[in-house]
Amino acid sequence: MAEPTKFRLTMGDQVHVFVRSGFEQAAWNYPRLQNMGFCYLMIPAIRRLYPDQTDQAAAAQRHLELFNTMPYMQSLITGVTLAMEEDHANGKPVTDAEIKSVKVAMMGSLAGVADPVWWGIWRPLLSAFAATLVFSGFGIVGPLTFFIGWNVVRLSFRWLTQRWGYRRGISAVTGLQSETLRRLTEGASIVGLFVMGAIVPRWTRLQLAPSFHLPGGVTKRLQAMLDQLLPGVLPLGLTLLAVWLLRHRVRPLWLFVGVFVLGIGGYWIGLFR
Amino acid sequence: MNLEFWGILLVAFLAGLEGVIDEWEFHQPIVACALVGLVTGNLVAGLALGASLQLVTLGWMNIGSAVAPDAALGAVGAAWLVTGPAQLPVAMGVIMAIPLAVVGLWLTRGLRRIIVPLVARADRAASRGNLGQITALQLMSIGLQGLRVVIPMAILLALPSAWMTTAYQWLPITLRGGLRVTAGLLVIVSFAIVINMMASRRLWPFFFMGFACATDSHLNLIALVMIGVALAVIYLNLKSKDQHPQGGGPTSSADDDLDRELDDL
């Protein structure tokens, strides 16, 4: 006969963990990264599941081990960990080592998928859209769109994945079909690249200064001629050059230095205006 | 002045905390500069700076254990210089944000080491089963992350704003023009970082399609996103159709390997 379930996390505990999960990264430190943050967010659950102080100590030490993932994906890991801790507390065959290894197994693979999607695609797109709203004269609507849009998506995602992880437990790990995730990433990359292609010529401000005096008293500006050929061709060329440099391991800080040299030097010799 | 001072330090605290925890995104220039503009009563300049600076910081992201330049100190500091009494032009605000963000980056790295003793105390608390102390240590870290931007901002606020204005006026005209050009060009770096993350050999064509569509100035960003989403759906549908008859398997993984090798070139 199965043992009766003695300890259960209430909905209140889960909300409490959810609220704390939003401060996970504050104690970011070099040797063990987000370890203290993760331990901090597990505390409401530890208190509920382990009335005995030695068990509490063991659980806290378990979660102070090195941890690092993409902060929003941490909610899924948190959900799974909550389910495992609950089983552990109820005497089911879930060992201390298993809890640790599931966390480690999930943190790397989830961060690898989620970092580019959240920071590399979704934030640039949403914030560039918000900036466009400001440039188009919508004023405060721009920042509000970014702030509300970002946080509604983030909070829903965090809560839903934490719940899902908690309900599915360890099977959530196998439930993550990597093929679906890969397709999602690829689709997001396509939209992102397409929109970046449009943003590059529109929001790079660069004007060539030289103009030519053609026979017959006509003055033609180089920039106008270039715009007739292909608007934004100069920003395009510079962006592609920067991508090429990044792919050859040139650090972004040096690119900034390069832009300063190009901007100041180009103005000085009368190339840009 | 007093209310303004505390208001800006409050924004600095939120931005400093967010620059590390990356949740509510108060440190993103489009939000931070608008808030500073609201406090100084110069919202319009704050919004303009925020939007320009947002495009410059588009590619600054903390991934893994790498630390990007700190948008928080860059945005709050620049917004004070532009919307505060110094009244620098927006382009100069964008320029000033860069050194401030680099200072913020150093402070972030330093703080990640300063927190190490706190974590050692958390270890000791854990071994005694003292959970309350771990919570307290985490709250202390939250405070430290906020102070990471509050302290440099307090210093910046204490400097007479006339210094900045005078320094700016002393700049030779050529240099001022050059910096204005640079401010417009800085976006390139972030654009390249973002593109570099997404682009693979197969997906590059979508970038050029977007570029070509942008030449029609009637297409706004919403319309462009719609075209982009439609293209992504078409591409993924066609791709899965192609793969099913072969059953995926070894063919597709060999393909992926080839793709990766080509990307490495």
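Residues numbered from 1 in each chain as written. Chains lettered and ligands numbered in written order. Predicted model: local features only at pLDDT ≥ 70, side-chain atom pairs only at ≥ 80, totals over all residues.

In the annotation of an unreviewed UniProt entry, the entry for chain B reads Mannose-specific PTS system component IIC, and the organism field reads Levilactobacillus senmaizukei DSM 21775 = NBRC 103853. The heading Subcellular location (unreviewed entry) in the UniProt record of chain B holds the text "Cell membrane". (UniProt positions renumbered as here; feature names shortened; annotations may be inferred.)

The name that an unreviewed UniProt entry assigns to chain A is Mannose-specific PTS system component IID, with the source organism given as Levilactobacillus senmaizukei DSM 21775 = NBRC 103853.

(A) Structural view of the pairing of strand β1 (residues 211-214) of chain A. Residue and element names in this part refer to chain A. Relative to strand β2 (residues 218-221), β1 runs antiparallel, the two sharing 4 bridges. When the sheet's bridge partners are listed, Leu214 is paired in β2 with Val218. Counted between consecutive antiparallel strands, the loop separating β1 from β2 contains 3 residues, among which Gly216 sits at a positive phi close to 100°. (Pairing = 2+ DSSP bridges. Helix = DSSP H or I, 4+ residues; strand = E, 2+ residues; numbered from the N terminus.)

(B) Region of the structure containing the UniProt feature "transmembrane region" (unreviewed entry) in chain B. Residues and elements named next belong to chain B. Taking the UniProt record as the reference, the feature "transmembrane region" (unreviewed entry) is found at residues 29-51, 63-82, 88-107, 149-171, 177-199 and 219-238. Helix makes up 90% of residues 88-107 and strand 0%, and the two end C-alpha atoms of the span are 25 Å apart. The span residues 149-171 is 87% helix and 0% strand, and its two end C-alpha atoms sit 28 Å from each other.

(C) Examining the interface of chain A and chain B more closely. Facing the 94 residues of chain A at the interface are 83 residues of chain B. Residue assignment for the side of chain A that touches chain B shows that the elements contributing at least two residues are α2 (35-49), α3 (53-62), α5 (96-138), α6 (141-168), α8 (178-203), α10 (233-247) and α11 (252-268) of chain A. With 18 residues, α8(A) is the largest single contributor of residues to the side of chain A that touches chain B. Residues of the side of chain A that touches chain B, tallied by class, amount to 60 nonpolar, 25 polar and 9 charged. (Contact = placed C-beta atoms within 7 Å. Nonpolar A, V, L, I, M, F, W, Y, C, P; charged D, E, K, R; others polar.)

(D) Expanded view of the domain arrangement of chain B. If you check the domain split of chain B, you get domain 1 (2-175) and domain 2 (199-264). Computed from C-alpha coordinates alone, the two centres of domain 1 of chain B and domain 2 of chain B are separated by 37 Å. (Domains from an automatic or database assignment.)

(E) Geometry of the UniProt feature "transmembrane region" (unreviewed entry) in chain A. The feature "transmembrane region" (unreviewed entry), as annotated in UniProt, sits at residues 128-153, 187-204, 224-246 and 253-270 of chain A in this numbering. End-to-end, the C-alpha atoms of residues 187-204 of chain A are 26 Å apart, and along that stretch the chain is 94% helix and 0% strand.

(F) Quick look at the domain arrangement of chain A. The domain boundaries assigned to chain A delineate domain 1 (11-193) and domain 2 (206-268). Centre-to-centre separation of domain 1 of chain A and domain 2 of chain A, based on C-alpha positions: 42 Å.

(G) Quick peek at the packing of α5(A) against α6(A). Residues and elements named next belong to chain A. As a packed pair, α5 and α6 sit with axes 7 Å apart at the nearest point and diverge in direction by 160°. When the interaxial angle is binned, α5 and α6 end up roughly antiparallel. You can see that α5 and α6 cross each other, and the crossing is right-handed. Contacts between α5 and α6 involve Leu126, Ser127, Ala130, Ala131, Leu133, Val134 and Phe138 from the first element and Val141, Gly142, Pro143, Thr145, Phe146, Gly149 and Trp150 from the second. Residues belonging to the contact of α5 with α6 are distributed by class as follows: 10 nonpolar, 4 polar and no charged. (Axes fitted to C-alpha atoms, helices over the stretch in contact; angles between N-to-C directions. Parallel < 35°, antiparallel > 145°, perpendicular 65-115°, else oblique. Left-handed = near helix turned anticlockwise from the far one by under 90°.)

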